[in-house]
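Here is how the chains run, residue by residue.
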Amino acid sequence: MKLLLSTLVALILFLGYGHAGSAEELLTEEQSVQAVQEASEVQASLTEKERPLNEIKAMMKPYFTHSFIETYVKENVKETENGYIVYGSDFIPYSMPYFNYEEELTFGAEKNTYKLFQFFPAEEEGPVSYDDQYEAVLFVKENGEYKIDDVIFSETEPKTESPEKKQNLLNVSLIFNQPEGVLFGNEGGFSFVLNPYFQMKTLLSAYAYDVKSAAVNAE
């Protein structure tokens, strides 16, 4: 009887806390800014000297998705007698934007893509000219990590939703992608899902109570 009760308690604890690591990890604005800054340094270093191609890809891998790396290499990496290099230029395709980190940056999400972007006023002087535009870095999750997947230029502000909205719907690891789930919430931002997982937890808790009560009465 005690073994059965212990097993039920362990199962309930697993259901209550075992999914804590399963909650969706959200990318923060601070993390995205740091990633862009470090990725910019990596791209700049690729212009400094010739390297083996596999070394170039390895340097980029912590920050960029596989598809981005392949596109960047195809567009920018040139073979020389001593290896591969990116030749410096006023405009290198798929380079990180020259964000002004002392001014406002906008950060948000659209579906499964996070976006960090900034507005750039028109530039008519200098080697590169352009109209008013937004420059954005897009992040997606690849193999469990958020990485840079694209760089876009747009005359209109990129569409996003507030990351805080996603946080509210993922409160304290209680959201699991159950199609049968029914979402409940309040104005304070707390949300939970009533689904088979919670129903099973409630059922096991009630059953464990009955087993414990029977054991006490038997004594």
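Residues numbered from 1 in each chain as written. Predicted model: local features only at pLDDT ≥ 70, side-chain atom pairs only at ≥ 80, totals over all residues. Heavy atoms only, no water.

Our next topic: the sheet that holds strand S4 (residues 113-120). The 4 strands lie next to each other as S3-S4-S5-S6, forming an open sheet whose pairing is antiparallel. The two strands at the open ends of the sheet, each matched to only one other strand, are strand S3 (106-110) and strand S6 (145-154). Across the sheet, the mean angle separating the axes of adjacent strands is 25° when strand polarity is ignored. Where S3 lies against S4, 5 bridges are found, and the strand directions are antiparallel. Looking across to S4, one finds that Thr-106 is bridged to Phe-117. Contacting strand S5 (133-142) and S6, helix H4 (residues 66-76) runs over the sheet at an angle of about 50° to S6. (Pairing = 2+ DSSP bridges. Helix = DSSP H or I, 4+ residues; strand = E, 2+ residues; numbered from the N terminus. Axes fitted to C-alpha atoms, helices over the stretch in contact; angles between N-to-C directions. Contact = heavy atoms within 4.5 Å.)

Counting across every chain of the model gives 10 aromatic pairs. Here Phe-68 and Tyr-72 contribute two aromatic rings whose centre-to-centre distance is 6.3 Å and whose plane-to-plane angle is 15°, an arrangement assigned as stacked. Taken as a pair, Phe-68 and Tyr-72 lie in helix H4 at a separation of 4 residues, close to a single helical turn. Across the pair, exposure class does not vary: Phe-68 and Tyr-72 are buried alike. The exposure class assigned to Phe-68 is buried, which follows from its relative accessible area of 3%. A connected cluster of aromatic rings, assembled from ring pairs, spans Phe-64, Phe-68, Tyr-72 and Tyr-94. (Phe/Tyr/Trp six-rings, centres within 6.5 Å; stacked < 30°, edge-to-face > 60°. Buried < 20%, exposed > 50% of the residue type's maximum accessible area, 1.4 Å probe, protein only.)

Here the focus is the pattern of salt bridges. Scanning the model with the defined rule gives 3 salt bridges in all. Here Lys-115 makes a salt bridge to Glu-110, at a shortest N to O gap of 2.6 Å. Relative accessible area serves as the criterion here: at 7%, Lys-115 is assigned to the buried category. Judged by relative accessible area, Glu-110 falls into the partly exposed class, the value being 28%. (Salt bridge = Lys/Arg side-chain N within 4 Å of Asp/Glu carboxyl O.)

With that out of the way, let us pick up unusual backbone geometry. For Lys-111, which is not a glycine, the phi torsion comes out positive at approximately 60°. Looking at the element boundaries, Lys-111 is found in the loop between S3 and S4. Assessed through its relative accessible area of 69%, Lys-111 is described here as exposed. The phi dihedral of Asn-143 is positive, around 55°, even though this residue is not glycine.

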